[in-house]
Each structure stands twice: as C-alpha cells, then as structure tokens.
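# Secondary and tertiary structure notes
The primary structure of each chain is shown beneath.
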Amino acid sequence: MPKRVDHEERRSQIAEALIRVAGRRGLHAVGMREVAAEAGVSLRLVQYYFQTKEKLLFYGLQHLTDRFTARVGARLRAAGQAPGPRATVEALLLASLPTDEESRTFHLLYSSYAILSVTDEALAAQPFIDNPEAAEDALTGLLRQAQEAGTADPDADARTEAISLLAMTATLGTSILVGQRKPESAVKVLHHHLDRIFTAPDHPAHRAPSAGAAPPG
C-alpha cells in the first residue's frame with residue numbers, strides 16, 4: 001500500500017527549509033530551487049504546493065509567526081501560572097528581540113518581508129499579516145489592565161505607550177542585528193521604559209525571564 005502523504009507536514013518541511021536558507025542568505029536571495037535543495041525534495045514538489053515564490057514566502061512568514069507565538073507562550077509559562085500585565089508585556093517584547101539564532105531569523109525575515117513588499121507588487125498583493133493592529137491592541141489592553149490594577153501610571157496614554165514600545169523594540173532589534181548594540185544593552189533600555197510606565201510590580205514572582213534566559217524546551 002502506498003504511503004499516505006501528510007500535506008501539511010510537507011508544507012511545514014518546505015517552510016522550515018525556506019527559513020533556514022533565508023536566515024543564511026537573506027530573503028531577497030531565496031529561490032524555489034534553493035528551498036527545494038535545502039528541503040531535500042524536487043523543485044516540482046515545491047511548485048506543486050506553492051505555485052509562486054510569493055506564495056512560498058508568505059507561507060514561510062506565517063510559519064515563522066506560529067513559531068514566534070510558541071516562543072512567547074514558553075516565556076509566559078516560565079513567568080508563572082498567572083503572569084500579570086508587566087510580565088506579559090515583557091514576554092511579548094523580549095521574545096521579538098534577536099538574542100539567539102531563532103529570534104534573529106524571525107527579526108531578519110519579518111523585516112525583510114516588510115521592506116520587499118514595498119517595491120514588489122506580487123508580495124504586496126499578499127496580506128502581510130492578518131491583523132496588523134493585533135500586537136498594538138494586545139499591549140494597549142495590558143497597559144489599561146495594569147492602570148486599573150494600580151500598577152501602571154494612570155496618566156499615561158495606553159495606546160501611545162503601546163505604539164512606542166513596539167516601535168522601540170523593533171528599532172532595538174535592528175540595532176542588535178547590525179551589531180550596533182549588544183542584546184543586554186537593548187534589554188536594559190527596554191526595562192528602563194517599562195519601569196517608567198509600570199509604577200509597581202505585578203508580583204515578585206511574575207517577572208518575565210530575561211532575553212538571555214532560554215525558554216523551557
């Protein structure tokens with residue numbers, strides 16, 4: 001009896017190959033032939049699952065986002081059973097800083113896709129992310145929750161602070177990527193701004209793990 005093919009598993013295999021190649025060479029230099037060779041499959045098979053390079057890149061970005069979500073989840077579990085708003089905000093922001101190989105690849109590819117889509121009509125036609133305000137909304141909600149609990153500056157504008165934190169983290173990530181600063185320096189800057197916003201700790205046990213701490217495996 002012929003072996004039954006798990007199509008989703010095959011797609012994931014190809015997406016992982018894309019991520020590895022793009023992490024080494026850059027997203028702009030990735031072609032379907034290189035991805036096929038990395039995955040150990042034929043070019044025809046890659047073309048069967050992803051008819052165009054743009055569809056392959058977009059699926060790879062979605063796959064990378066799923067991995068990022070799992071990374072955030074691991075940090076939240078490490079923060080305790082009921083992490084408060086600050087610990088949750090830290091988990092979200094620290095997970096996106098390029099402090100190890102996986103987060104470096106995430107930041108590099110996500111930034112590259114955004115930049116390429118500005119000038120590539122085929123990429124621009126693909127939705128970059130399903131809900132571009134999701135992270136902003138999540139952080140805004142957490143900051144408002146902290147304000148209601150009396151652990152954050154009540155006069156701060158939660159939406160503006162959320163936008164600022166996301167923009168700052170993205171810029172800090174790029175500065176790490178290009179060697180302008182070390183991860184420890186970026187984390188220190190991030191904590192400085194969180195200390196300004198959050199006027200009291202969630203709970204002593206609810207501090208999110210630092211960027212240098214490996215999430216549980």
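Notes on the structure in this doc start here. (Residues numbered from 1 in each chain as written. Predicted model: local features only at pLDDT ≥ 70, side-chain atom pairs only at ≥ 80, totals over all residues. Heavy atoms only, no water.)

### Re the overall build of the protein chain
The condition that has to hold: Comment: elements are numbered from the N terminus, with helices defined as DSSP H or I runs of at least four residues and strands as E runs of at least two. A 1.4 Å probe rolled over the protein chains alone gives each residue an accessible area, and that area as a share of the maximum for its type sets the label: buried under 20%, exposed over 50%, partly exposed in between. The contact rule is simple, with two residues in contact once any of their heavy atoms fall within 4.5 Å. Method for areas: the Shrake-Rupley scheme with a 1.4 Å probe, in which residue coverage is limited to the protein chains shown.
The number of helices and strands found in the protein chain is 10 helices and 0 strands. The secondary structure elements of the protein chain, listed N-terminal to C-terminal, are α-α-α-α-α-α-α-α-α-α. Burial statistics for the protein chain: of 217 residues in total, 41% are counted as buried. Of the contacts formed within the protein chain by residues at least 6 apart in sequence, a portion of 68% connects residues at least 24 apart. Carbon and sulfur atoms make up 54% of the accessible area of the protein chain, which totals about 11,800 Å².

### Considering helix 8 (residues 134-149)
Side chains that are three or four residues apart share a direction in an α-helix, a result of its 3.6 residues per turn. Keep this limit in mind: One fewer than the residue count of a helix, multiplied by 1.5 Å, yields its expected span. Working definition: the arc comes from the directions between the helix axis and the C-beta atoms, pointing outward to the latter.
Here helix 8 is 16 residues long and its end C-alpha atoms lie 23 Å apart, about the 22 Å a rise of 1.5 Å per residue gives. Buried residues of helix 8: Leu139, Thr140, Leu142, Leu143 and Ala146, and no others. Looking straight down helix 8, one finds that the buried residues subtend no more than 165 degrees of arc, so they occupy a single side. Those residues of helix 8 that are exposed and aimed more than 90 degrees away from the buried face are Glu148 and Ala149. Packed against the buried residues of helix 8 are helix 5 (85-96), helix 9 (158-177) and helix 10 (183-197).

### A closer look at the packing of helix 8 against helix 9
Definition in use: Note on geometry: axes are C-alpha line fits, over the in-contact stretch for helices, and angles between N-to-C directions span 0 to 180 degrees. Between 65 and 115 degrees an angle is taken as roughly perpendicular, under 35 as roughly parallel, over 145 as roughly antiparallel, and anywhere else as oblique. By the definition used in this description, the sense in which the near helix is turned from the far one sets the handedness, with an anticlockwise turn below a right angle giving left-handed and a clockwise turn giving right-handed. In this classification, Asp, Glu, Lys and Arg are treated as charged, Ala, Val, Leu, Ile, Met, Phe, Trp, Tyr, Cys and Pro as nonpolar, and every other residue, Gly included, as polar.
At a minimum axis separation of 8 Å, helix 8 and helix 9 run at an interaxial angle of 130 degrees. One finds that helix 8 runs oblique with respect to helix 9. Helix 9 is crossed by helix 8, and the crossing has right-handed handedness. In this structure, helix 8 uses Ala135, Glu136, Asp137, Leu139, Thr140, Leu143, Arg144 and Gln147 to contact helix 9, whose residues at the interface are Ala158, Arg159, Glu161, Ala162, Ile163, Leu165 and Leu166. Along the lines of polarity and charge, the residues of the contact of helix 8 with helix 9 split into 8 nonpolar, 2 polar and 5 charged.

### Regarding the packing of helix 5 against helix 8
Where helix 5 contacts helix 8, the two axes come as close as 9 Å, and the packing angle between them is 155 degrees. Of the possible angle classes, the one that applies to helix 5 and helix 8 is roughly antiparallel. Note that helix 5 runs across helix 8; the crossing there is left-handed. Contacts between helix 5 and helix 8 involve Pro85, Thr88, Val89, Leu92 and Leu93 from the first element and Leu139, Leu142, Gln145 and Ala146 from the second. The residue inventory of the contact of helix 5 with helix 8, partitioned by class, reads 7 nonpolar, 2 polar and no charged.

### Brief notes about the nonpolar core
In globular proteins that are soluble, nonpolar side chains generally tend to be buried together. As a reminder of what qualifies: Within this scheme, the nonpolar core is defined by two criteria: the residues are buried Ala, Val, Leu, Ile, Met, Phe, Trp, Tyr or Cys, and they are joined through side-chain atoms within 4.5 Å.
Ranked by size, the top nonpolar core spans 32 residues in total, and within it Ile14, Val35, Val46, Phe50, Leu56, Leu109 and Tyr113 carry the most contacts. If you list the elements that add at least two residues to this core, you get helix 1 (7-25), helix 2 (32-39), helix 3 (43-49), helix 4 (53-78) and helix 6 (101-119). With residues near it in sequence (within four places) discarded, Ile14 still touches Val35, Ala39, Val46, Tyr49, Phe50 and Leu56. Among the nonpolar cores identified, the runner-up in size contains 21 residues, and Val89, Leu94, Ile176 and Ile197 belong to it.

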